[in-house]
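Observations on the three-dimensional arrangement
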Amino acid sequence: MDGELHERLAGMIAKAADGAVDPAEVLSGQSRLSDLGVTSLAYLRLIDAVEAEFGVELDPTAIDSLDALVDYVRLHG
């Protein structure tokens, strides 16, 4: 399930960024999302989407990478 969660969240990140970031880019390494080009507006969209999808309340400072987001959703979801 962990790999599936990574892929699902990577897709959500790409969608929130309006395609400026490819899901494969997000999955390829442990880069910070901002380093990949995820803007503050995309972060807000991502937070809304993840909260609605997984029923968690995100701490924006806790999701600076895909792995951090996966861990947060796994622990709080």
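Residues numbered from 1 in each chain as written. Predicted model: local features only at pLDDT ≥ 70, side-chain atom pairs only at ≥ 80, totals over all residues. Heavy atoms only, no water.

With that out of the way, let us pick up the pattern of salt bridges. The tally for this structure, following the rule as stated, stands at three salt bridges. Of the charged contacts in the structure, one is a salt bridge between Asp18 and Arg45, with a shortest N-O distance of 2.7 Å. In this pair, Asp18 sits in the loop between α1 (2–16) and α2 (23–28) while Arg45 sits in helix α3 (residues 40–54), placing the two residues 27 residues apart along the sequence. Note that Arg74 is salt-bridged to Asp71, the shortest N-O span being 2.8 Å. In this pair, Arg74 and Asp71 both sit in helix α4 (residues 66–76), three residues apart, roughly one turn of the helix. (Salt bridge = Lys/Arg side-chain N within 4 Å of Asp/Glu carboxyl O. Helix = DSSP H or I, 4+ residues; strand = E, 2+ residues; numbered from the N terminus.)

Here we take up the environment of Tyr72. Within the secondary structure, Tyr72 sits in helix α4. Here Tyr72 falls in the buried class, since its relative accessible area comes to 15%. Between the C-alpha atom of Tyr72 and that of Glu57, which follows or precedes it by 15 residues, the distance is 9.8 Å. (Buried < 20%, exposed > 50% of the residue type's maximum accessible area, 1.4 Å probe, protein only.)

Assignment of secondary structure puts His6 in helix α1. By relative accessible area, His6 is classed as buried at 16%. With sequence-adjacent residues up to four places away left out, His6 is seen in contact with Leu27, Leu66, Asp67 and Val70. (Contact = heavy atoms within 4.5 Å.)

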